[in-house]
Amino acid sequence: DAGVTQSPTHLIKTRGQQVTLRCSPKSGHDTVSWYQQALGQGPQFIFQYYEEEERQRGNFPDRFSGHQFPNYSSELNVNALLLGDSALYLCASSFPGDLLDTGELFFGEGSRLTVL
Amino acid sequence: AQSVTQLDSHVSVSEGTPVLLRCNYSSSYSPSLFWYVQHPNKGLQLLLKYTSAATLVKGINGFEAEFKKSETSFHLTKPSAHMSDAAEYFCVVSLEEYGNKLVFGAGTILRVKS
């Protein structure tokens, strides 16, 4: 049973560029959340997708956008990259009820983005 | 406002000795609380959760945590550390006033010496 998979694992971009990160949820899960983990900090919630719609959003600018596909996979897009966007981007999946009932998110290993 | 604070950024223990990782939260409501662990180059994994049932919560790998409302604390403990426990640990809170989103602490890196 495949867990949460993310791609790419590492990438380097320059300021002003755009990046797309991809996530496939754990089999049977239909809710995907994205987190940004800067060096030395805990993950910060970006947004959550369910039924192909953004359901919740954290305090991130509109440069951060996402999408969920009918097969529940998801993309995170970041436009006009800044140096401060350098971080590990984590994808997590869950059943919609689990997020409130158990808090158990299943995380991927992340995509490490470096902005030069 | 900081909703969850991990009091130590690094903790170092010897193998076989007890582990204590401290966490305090701030909330006007009864929160749901969790501990997650992140091993190097691995995804975050849920250790245990408190959701208003028993205040002493047992998790995987011998870890447990006690919810103390009067102290607004949710410290993580283990009687005897193992080398494989070396990792980063995150205290996490789910607060109604934040729409039940998970809010992570800054993390505590646990080092286990042989």
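To start, this report covers the structure provided alongside it. For every chain, the first residue of the written sequence is number 1, and numbering continues from 1 along that sequence. Numbering of ligands from 1 and lettering of chains from A proceed in the order in which they are written. Selection of residues for local features in this predicted model requires a pLDDT of at least 70, selection of side-chain atom pairs for listing and counting requires 80 or more, and totals for whole chains, interfaces and linings are taken over all residues. Derived side-chain values reflect all non-hydrogen atoms in the structure, with water molecules and hydrogen atoms excluded from consideration.

Some words on the overall build of chain B
Quick note on the threshold: Working definition: helices are DSSP H or I runs of at least four residues, strands are E runs of at least two. Numbering for both runs from the N terminus. C-alpha atoms define the radius of gyration, and 2.2 Å times the number of residues to the power 0.38 defines the globule rule. Residue burial is assigned from relative accessible area. The probe radius is 1.4 Å, only protein chains are included, and a residue is buried under 20% of its type maximum, exposed over 50%, and partly exposed in between. Residues count as neighbours in contact if any of their non-hydrogen atoms are within 4.5 Å of one another. Accessibility throughout is a Shrake-Rupley quantity obtained with a 1.4 Å probe, and a residue counts as covered only by protein chains that appear here. In this tally, Asp and Glu contribute negative charge and Lys and Arg positive charge; neither His nor the terminal groups of the chain are included. A charge is said to be at NZ when it belongs to Lys, at CZ for Arg, at CG for Asp and at CD for Glu.
When you go through chain B residue by residue, the secondary structure sums to zero helices and twelve strands. Written out in order from the N terminus, the α and β elements of chain B read β-β-β-β-β-β-β-β-β-β-β-β. The C-alpha radius of gyration computed for chain B amounts to 13 Å, which stays within 12% of the reference 13 Å derived for 114 residues, consistent with globular compactness. Over its C-alpha atoms, taken along the principal directions, chain B stretches across nearly 45 × 30 × 20 Å. Buried positions account for 44% of the 114 residues belonging to chain B. Across chain B, every contact between residues at least 6 apart in sequence was considered, and the portion connecting residues at least 24 apart equals 55%. A total of about 5500 Å² of accessible surface is found on chain B, and carbon and sulfur atoms cover 49% of it. Computed over 10 positive and 9 negative side-chain charges, the inter-centroid distance for chain B is 3 Å.

So, the pattern of salt bridges
What counts is decided by this rule: Salt bridges are identified by distance alone: a Lys or Arg side-chain nitrogen within 4 Å of an Asp or Glu carboxyl oxygen.
Scanning the entire structure with this criterion turns up seven salt bridges over all chains. Among the salt bridges present, the one from R22 of chain A reaches E75 of chain A, with a minimum N-O distance of 3.5 Å. Here E75 of chain A lies in strand β8 (residues 74-78) and R22 of chain A lies in strand β3 (residues 19-24), a separation of 53 residues in the sequence. Residue class for R22 of chain A comes out partly exposed when judged on its relative accessible area of 42%. One salt bridge connects D8 of chain B with R22 of chain B, and the closest N-O pair in it is separated by 3.0 Å. Of this pair, D8 of chain B sits in the loop between β1 (4-6) and β2 (10-14) while R22 of chain B sits in the loop between β3 (19-21) and β4 (23-25), and the two are 14 residues apart along the sequence.

Observations regarding the interface of chain B and chain A
To be explicit about the condition: Note on definitions: buried area is the accessible-area loss of two parts on being combined, 1.4 Å probe, summed for both. As used in this structure description, the phrase polar contact means that two N or O atoms lie within 3.5 Å; if the pair is within protein, one of them must be able to donate a hydrogen and the other to accept it, and residues adjacent in sequence are counted only when both atoms belong to side chains. Any residue outside Ala, Val, Leu, Ile, Met, Phe, Trp, Tyr, Cys, Pro, Asp, Glu, Lys and Arg is labelled polar, Gly included; the first ten of those are nonpolar and the last four are charged.
Chain B puts 19 residues into the contact, and the matching count from chain A is 20 residues. With both chains or domains summed, chain B and chain A bury close to 1500 Å², and 57% of this area falls on carbon and sulfur atoms. Looking at the side of chain B facing chain A, the largest losses of area belong to L44, K101 and L102 of chain B, adding up to 31% of the total buried there. At the junction of chain B with chain A, the criterion picks out zero salt bridges. Connecting chain B to chain A are two residue pairs in polar contact (both at pLDDT 80 or more). Here the element with the most residues in the side of chain B that touches chain A is strand β5 (residues 32-38) of chain B; it accounts for three residues. Split into classes, the residues belonging to the side of chain B that touches chain A amount to nine nonpolar, seven polar and three charged.

Brief notes about the sheet that holds strand β1 (residues 5-7) of chain A
Residues and elements named next belong to chain A. Here is the rule we go by: Here, a strand pair is defined by DSSP locating no fewer than two bridges between the strands. Lines fitted to the C-alpha atoms define the axes, with helices restricted to the stretch that makes contact. Angles between their N-to-C directions range from 0 to 180 degrees.
Spatially, β1-β3-β8-β7 is the arrangement adopted by the four strands of the open sheet, whose pairing is antiparallel. Taken across any chain shown, the strands that pair with only one partner, and hence form the sheet edges, are β1 and β7 (64-68). The average undirected angle you get between the axes of adjacent strands in this sheet is 20 degrees. Looking at chain direction, β3 and β8 are connected through five bridges and run antiparallel.

Considering the state of the cysteines
Inclusion rule: To count as a disulfide, a pair of cysteine sulfur atoms needs to be within 2.5 Å.
Across all of its chains, the model carries two disulfides over all chains by this definition. Here C23 of chain A pairs with C91 of chain A through a disulfide, and the sulfurs are 1.8 Å apart. Sign of the S-S torsion, about -65 degrees for the bond between C23 of chain A and C91 of chain A, identifies this disulfide as left-handed. Taken together, the residues C23 of chain A in strand β3 and C91 of chain A in strand β9 (residues 87-94) connect sequence positions 68 residues apart. Classification of C23 of chain A by relative accessible area gives buried; the value is 2%. Each sulfur in the disulfide pair C23 of chain B and C91 of chain B lies 2.0 Å from the other. In this structure the cystine formed by C23 of chain B and C91 of chain B twists about its S-S bond by roughly -70 degrees; its chirality is therefore left-handed. On the criterion of sequence distance, the pair formed by C23 of chain B in strand β4 and C91 of chain B in strand β10 (residues 87-94) is long-range, its members being 68 residues apart.

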